[in-house]
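Given next are the chains, with one letter for each unit.
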Amino acid sequence: MARSILKIIGFVIKGSAYIGVAVLILMMLITVADVFLRYVFNSPIVGAYEISEFVLLVLCFIGIAYCAWEDRHVKMNLLFSRLSERGQAGIEIGGLLIGLALSISIFYFYIQEGLLIQQSGKSTDILGIPEYPFYFIVSFCGLMLSLVTIVFIINSVCRLVKR
């Protein structure tokens, strides 16, 4: 049961990362075309800046969840490595609990804000793109980060108990 849940979480996060890569390539092509059209024909792509803003927002949060899943975040081991295994596990669990509180906050508050934005009908100025789906995407990434953090907490507690 636990392994199938981990596989599902991994599948969703990696799938999101692949979608993020495709969107990044699309953003790059739009930006290159926008710059080319602006300087060669003096006719930029309308709304390219708005599209880039939303794409970067989504990519950042997808990237955070993916880096957490792959355990690729930057770590400072200078003092940490000098602690006992029990001390390391304690600090790791404490940091993960703080991270869990933050990721749950991201999930919860972006859902709330997305619902408010949806009710208000707020959209971008130039293209009229509704803003609320992006709040829900960020919230989804916060949920994925929360699940990854819970998995790491369980693994850390298991390692601590085995010692």
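Just so you know, these numbers come straight off a predicted model, no measurement behind them.

S.K.: What am I meant to see in a nonpolar patch on the surface here?
M.R.: A grouping of V21, I25, M28, L29 and V32 is seen on the molecular surface, where their side chains present a nonpolar patch of about 460 Å² in accessible area. By the element assignment, V21 lies in helix α1 (residues 2-40).

S.K.: I tried to follow helix α3 (residues 85-120) on my own but got confused; where do I start?
M.R.: An α-helical segment advances 3.6 residues per turn. Residues three or four places apart therefore align on the same side. Taking 1.5 Å of rise per residue, 36 residues should cover 52 Å, and α3 covers 52 Å from first to last C-alpha, within 8% of that figure. Contact partners of the buried residues in α3: α4 (132-162). Taken from the residues just after α3, G121 is the one with a positive phi, measuring 75 degrees.

S.K.: So what exactly am I meant to see when it comes to the nonpolar core here?
M.R.: Soluble globular proteins: nonpolar side chains tend toward being buried together. Counting nine residues, the largest nonpolar core is built from I9, I13, A65, A68, W69, M144, L145, V148 and V151. When contributions to this core are tallied by element, the ones reaching two or more residues are α1, α2 (48-69) and α4. In terms of residue count, the dominant contributor to this core is α4 (four residues). If we ignore the near neighbours within four places in the chain, the residues touching V148 are I9, I13, A68 and W69. Of all hydrophobic cores here, the second largest spans seven residues; its members include F54, F61, F134 and C141.

S.K.: Explain the environment of E113 here, please?
M.R.: Relative to the helices and strands, E113 resides in helix α3. A residue is classified by how much of its surface remains accessible, and E113, at 34% relative accessible area, is partly exposed. Taking the C-alpha atoms as reference points, E113 and L26, separated by 87 residues in sequence, lie 27 Å from one another.

S.K.: Can you walk me through unusual backbone geometry in this structure?
M.R.: It is generally the case that most residues other than glycine have a negative phi and that most peptide bonds are trans. The backbone phi angle of N42 is positive, close to 55 degrees, even though this residue is not glycine. If you trace the backbone, N42 turns up in the loop between α1 and α2. Look at N42 and you get exposed, because its relative accessible area is 67%. The backbone of D71 shows a phi angle near 55 degrees, a positive value even though the residue is not glycine. Mapped onto the elements of the fold, D71 is located in the loop between α2 and α3.

S.K.: So what exactly am I meant to see when it comes to the state of the cysteines here?
M.R.: Scanning the entire structure with this criterion turns up zero disulfides. The closest cysteine sulfur to the non-disulfide-bonded C67 is located on C60, 11 Å from its own sulfur. On the basis of relative accessible area, C67 is assigned to the partly exposed category, the value being 28%.

S.K.: Whenever I open this one, the environment of A33 confuses me. Can you help?
M.R.: On the secondary structure map, A33 appears in helix α1. For A33 and I13, which are 20 residues apart along the polypeptide, the C-alpha to C-alpha distance reads 30 Å.

S.K.: Quick question: what am I supposed to make of the packing of aromatic side chains here?
M.R.: Here a ring pair, both rings aromatic, is described through the centre-centre distance and the interplanar angle of the planes. Within the structure shown, the criterion is met by six aromatic pairs. Taken together, a centroid distance of 4.1 Å and an interplanar angle of 10 degrees make the contact between F54 and F134 stacked. Here F54 is found in helix α2, whereas its partner F134 is found in helix α4, with 80 residues between them in sequence. You'll find F54 and F134 in the same group, each marked buried. Among the aromatic residues, those joined into a cluster by ring pairs are F61, Y110 and Y135.

Reading guide: rules and limits
Residues numbered from 1 in each chain as written. Predicted model: local features only at pLDDT ≥ 70, side-chain atom pairs only at ≥ 80, totals over all residues. Heavy atoms only, no water. Patch = residues over 30% accessible without salt bridge, like charges linked within 9 Å, V, L, I, M, F, W, Y side chains within 5 Å. Areas by Shrake-Rupley, 256 points an atom, 1.4 Å probe, with all protein chains shown as cover. Salt bridge = Lys/Arg side-chain N within 4 Å of Asp/Glu carboxyl O. Helix = DSSP H or I, 4+ residues; strand = E, 2+ residues; numbered from the N terminus. Expected span 1.5 Å × (residues − 1). Contact = heavy atoms within 4.5 Å. Core = buried A, V, L, I, M, F, W, Y, C linked by side-chain atoms within 4.5 Å. Buried < 20%, exposed > 50% of the residue type's maximum accessible area, 1.4 Å probe, protein only. Disulfide = S-S within 2.5 Å. Phe/Tyr/Trp six-rings, centres within 6.5 Å; stacked < 30°, edge-to-face > 60°.

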